[in-house]
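Residue-level listing of the chains:
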Amino acid sequence: MSNMGSYDERLKNFTWSIAAEELGYKDGEVVNIGWYCSDRICDLGKAEKTALYYEGFGGAQRSYTFNDIRLISNTIGTFLRNIGLVNEDRVCLFMDRIPELYFSFLGVLKIGAIVQPLFSAFGDESLFIRLENAQTRAIITQKKHLSKVRKIKDRLPYLEFIIIVDQLKETELEGKEIVFRFENAEPVDKMAIYPTKAESPSVLHYTSGTTGQPKGVKHVHLSLVSQYLTTKWVLDLRDDDIYWCTADPGWVTGTSYGIIGPWCMGITQCVLDSGFSAQSWYQFIEKNKITVWYSAPTAIRSLMKAGDEIIRNFNLSSLRHLASVGEPLNSEAVIWAEKNFGKPFHDTFWQTETGSIMITNFPGMKVKPGSMGKPFPGIIAAVLEQKTFEPIDEPGKIGLIAFRPGWPSMMRTYWNNQEKYNEKFVNGWYLTGDKATIDNEGYFWFIGRDDDVINTGGHLVSPFEVESALLEHAAVGESAVVSKPDEINMEVVKAFISLKPGYVPNKELELEIMNFIRKKLSSFAMPQEVEFVEKLPKTRSGKIMRRVLHAQEWGEEIGDISTLEND
Ligand code: WT7
C-alpha cells in the first residue's frame, strides 16, 4: 500500500490542510523551512538519525545526523546574521554538491534571507546576470569557483560579502572576501530563527525564457506544504527509506526534492557528487541500499546505453520506487526499468515556477508508459485550446498545459519582472508554456514546448542567451540558435552563424568562437554544432525565423514561409 492510498478517494476529500495539520502548521503562524527541515525533526526524536550521506570526488565521504544539520545550519545562520545580513537579503549559493551547500541552504532560510542557488558550472557571465538581477548581497562559494566571482565582483555594487568555505590564507584574500569554515566554527546550539510567515520569500531560482534575461522565480515558505505532501504521496517516502535525488540544488528539483521534501519528513538522503558513470551510479545504489530514486530521463537514457549486462554485476534489490522529471520520459525507458529493476520509472511533470510536482504517475496507480500521469489532488489542470484558451474536452486533442493558480508552492512573481509574470496568466489559468493531450482516462501525454526554449538533458536553454554570447565575438554578424536531435539528451544546441565582412568561416575561427563563449555560458548551453551560413532566414520585417532552421534540423515540414524574405 502506498502512502497515498487510493487516488480517487484522495481526490474526493482533498484540502491542503491535510499537509498543514501533519506539519503542525496553522494559518497565520510562523513557518520556516530551515526549522522544519532540521530542528523539528530533532524535536520529533530523530536527532541521531542520519540526514545526509555524502560521497564526492576521489572517494570523499561524510555523514551527518539531523542534529548535525541543525547545529551546522544554526552556525552558518548565526555567522551570516553577525556579519550584518538580514531577512530578505539575497544570498547566493555557488558550490558543487558538497555538504556545505545543503547546510547553507537551511542556514540562510533560518535568518529569513532568500536563498539563490546557482549551478556551479555557470560561467562568469551567466553568474553575473543572475547576481545583478537579484541585487544579491552575499555569495557563498568554494575556492575552486572563486576566480569566476572575482572577475565580476567589481561590476556588482550590491555584492558586499564573498564567503569562501575552504581554507585560504589571510594574504590570499581580496576585498569583500571572508573565509568561513563551518566545521571549525563554534557550534551554535540555540539561535533565534527568523519568524517567517507563509508569504515570506524563501528561494529564488533562475530559469531561462525565450527572450530577454533569465527570470528569477520567487518562492515563499508556504511552499513547504506542497513539497511535504507531494514528497509523501508521489515519492512515497517512509521513515526507513534511503533516498537518492540525483539533481543538483542549482535547479529546483535539487531543492524541492533534494533538500526540503526529504528533510521535512526526516528521511535519510544520499548525495553523490562525482560525475556520471553507469558503474558508479549502480555501485552507489548497491552500497547505500537506496530504496527510492528520483532521477531524470537523460541519465536514464545513458544508463540504458551502458547496457543491461553491467546491471547484473550489482545487487539493486533495495530499490522500491523510481521516479523521473525534467523532460519527456520515453516509454522505452519505463519498460526498460521494469525489465531490469522490476519496477517502472514514474514520470513527474512540473516546473521551477510550480515549485512542486503537478502531474504524475502515482505509486500504486496503473502506469501508462509514455504518459505523465494525472494531476496531484488539489491541482486543477487542463489543456487549453490555443486561440480561445478554453479547456479542451475532447480526448487526444493537443492544447496548452495550464493550472488554476492557488496551490501553496506556486511562484509568487518573477523577481523584478511582474510584467513577465502577468503574461503567464490568461482567463484565470497559469500557462506552463508546454503542450499536451489528455486521454479518455484522464492521463496527460506530453507533446512539446510551446516556445523556442531548448530542453537539453533536462536543462532549459534560452536561444537568446546563447545568441547574445555569440554576438559579443568580433567575427559574428548574426546568429540563430535552435535545437537538434540527440540520442542521449533528446535535444542539443546548434548555432547558425553568419560572419561579419572580412571573416572567413573555418575550423580555427569556430574553435576560437567556442572558446570565447565557453567562459560565458555553462557547459550544457554550449552549441554541439556550429554551421556558418551566408545569411539567416528572416521575415520581411527582419526577424530571424528560427522555426525554419528548427524544421530543417528535425526533418520536419517547414510550414508557412509566406513571410520569409526573398531577394
Ligand atoms: C520544463 C520545466 C521541475 C523539474 C525540472 C525542470 C519540461 C519537466 C517534464 C516531464 C516532459 C517535462 C517542461 C517544463 N519538463 N518535466 N515529466 N515531461 N517535459 O524544471 O527547468 O523549470 O523546466 O521542463 O518543458 O516546462 P524547469
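Residues numbered from 1 in each chain as written. Predicted model: local features only at pLDDT ≥ 70, side-chain atom pairs only at ≥ 80, totals over all residues. Heavy atoms only, no water.

*Asks:* Describe the domain arrangement of the chain, with residues and values.
*Replies:* When the parts come together, some accessible area is lost, and that loss is often what is quoted as the size of the interface. Here the domain parsing of the chain yields domain 1 (7–438) and domain 2 (452–554). The centre of domain 1, based on its C-alpha atoms, is set 30 Å off from the matching centre of domain 2. Of the residues lining the interface, 24 residues belong to domain 1; the matching set on domain 2 comes to 22 residues. Between domain 1 and domain 2, roughly 1800 Å² of surface is buried when both sides are summed, and carbon and sulfur atoms account for 54% of that area. Sorting the residues of domain 1 by area buried against domain 2 places Ser208, Thr210 and Arg301 first, and these three jointly supply 26% of that buried surface. Here domain 1 is connected to domain 2 by 2 salt bridges. In this structure, the salt-bridge partner of glutamate 465 is arginine 130, at a minimum N-O distance of 3.4 Å. On the surface where domain 1 and domain 2 come into contact, there are 7 residue pairs in polar contact (both at pLDDT 80 or more). Every element with two or more residues in the side of domain 1 that touches domain 2 is listed here: helix H7 (124–134) and helix H12 (297–305). The biggest single contributor to the side of domain 1 that touches domain 2 is H7, with 5 residues. (Domains from an automatic or database assignment. Contact = heavy atoms within 4.5 Å. Buried area = accessible area lost by both parts, 1.4 Å probe. Salt bridge = Lys/Arg side-chain N within 4 Å of Asp/Glu carboxyl O. Polar contact = N/O pair within 3.5 Å; in protein donor to acceptor, adjacent residues only side chain to side chain. Helix = DSSP H or I, 4+ residues; strand = E, 2+ residues; numbered from the N terminus.)

*Asks:* Kindly report on the pattern of salt bridges, identifying the contributing residues and their values.
*Replies:* Here the structure, examined in full by the defined rule, presents 42 salt bridges. Residue aspartate 248 is joined to arginine 97 by a salt bridge in which the shortest nitrogen-to-oxygen separation is 3.5 Å. With aspartate 248 in the loop between strand E10 (242–245) and helix H10 (252–264) and arginine 97 in the loop between strand E3 (90–94) and helix H6 (99–110), the pair connects residues that are 151 residues apart, well separated along the chain. Across the pair lysine 494 and glutamate 553 runs a salt bridge whose closest N-O atoms are separated by 2.9 Å. Residue lysine 494 is found in strand E26 (residues 490–499), and its partner glutamate 553 is found in helix H17 (residues 546–554); the two are separated by 59 residues along the sequence.

*Asks:* Describe the pairing of strand E9 (residues 215–220), naming the residues involved and giving the relevant values.
*Replies:* Summarising burial for E9: 6 of the 6 residues are buried, a large majority. Across the two faces of E9 the burial is the same, with Lys215, Val217 and His219 and Gly216, Lys218 and Val220 all buried. Two elements, strand E8 (residues 201–207) and E9, share 5 bridges in a ladder whose sense is antiparallel. Paired with tyrosine 206 across the strands is glycine 216, a residue of E9. Sheet analysis places E9 next to strand E19 (residues 413–414), joined by 2 bridges and oriented antiparallel. The partner of valine 217 across the bridge, within E19, is tyrosine 414. (Buried < 20%, exposed > 50% of the residue type's maximum accessible area, 1.4 Å probe, protein only. Pairing = 2+ DSSP bridges.)

*Asks:* Go over the nonpolar core with me, naming the residues and quoting the values.
*Replies:* If you look at the biggest cluster of nonpolar residues, it comprises 103 residues, and the most contacted ones within it are Trp263 and Phe403. Broken down by element, the residue count for this core peaks at 7 residues, all from H6. Look past the residues within four positions of phenylalanine 403 in its chain and what remains in contact with it is Phe349, Thr354, Met358, Ile359, Ile379, Ile380, Ala381, Trp429, Tyr430 and Thr432. Counting residues in hydrophobic clusters, the runner-up holds 44 residues, among them Leu168, Ala475, Leu499 and Phe524. (Core = buried A, V, L, I, M, F, W, Y, C linked by side-chain atoms within 4.5 Å.)

*Asks:* Can you explain the side chain of asparagine 330? Please cite residues and give values.
*Replies:* Mapped onto the fold, asparagine 330 is located in the loop between strand E13 (321–325) and helix H13 (331–341). Looking at asparagine 330, its side chain comes within polar contact range of the side chain of arginine 301, at 3.1 Å. With sequence-adjacent residues up to four places away left out, asparagine 330 is seen in contact with Arg301 and Met490.

*Asks:* Give me the lowdown on the pairing of E3, citing residues and values where you can.
*Replies:* Buried residues dominate E3, accounting for 5 of its 5 residues. Judged by which residues are buried, E3 turns out to be covered on both faces: Arg90, Cys92 and Phe94 on one side and Val91 and Leu93 on the other are all buried. Here E3 runs beside strand E4 (residues 114–117); their pairing, made up of 4 bridges, is parallel. For arginine 90, the partnering residue across the bridge sits in E4 and is isoleucine 114.

*Asks:* Let's hear about the environment of proline 375: which residues, and what values?
*Replies:* By the secondary structure assignment, proline 375 is in strand E16 (residues 374–375). Judged by its relative accessible area of 13%, proline 375 falls in the buried class. When the C-alpha atoms of proline 375 and leucine 11 are compared, they prove to be 9.7 Å apart, with 364 residues separating the residues in sequence. Residue contacts for proline 375: discarding those within four places in its chain leaves Tyr7, Met358, Ile359, Phe362, Ala381, Gly442 and Phe444.

*Asks:* Explain the sheet that holds E26 to me, using residue names and the numbers behind them.
*Replies:* Ordered in space as E25-E26-E27, the 3 strands form an open sheet in which the pairing is mixed. The outermost strands of the open sheet, each flanked by one partner alone, are strand E25 (476–486) and strand E27 (529–532). Geometrically, the sheet is characterised by an average inter-axis angle of 25° between neighbouring strands, direction not taken into account. Two strands pair when backbone bridges link them, and E26 and E27 are joined in this way by 4 bridges, in the parallel orientation. Following the sheet pairing, isoleucine 497 is matched in E27 by phenylalanine 532. (Axes fitted to C-alpha atoms, helices over the stretch in contact; angles between N-to-C directions.)

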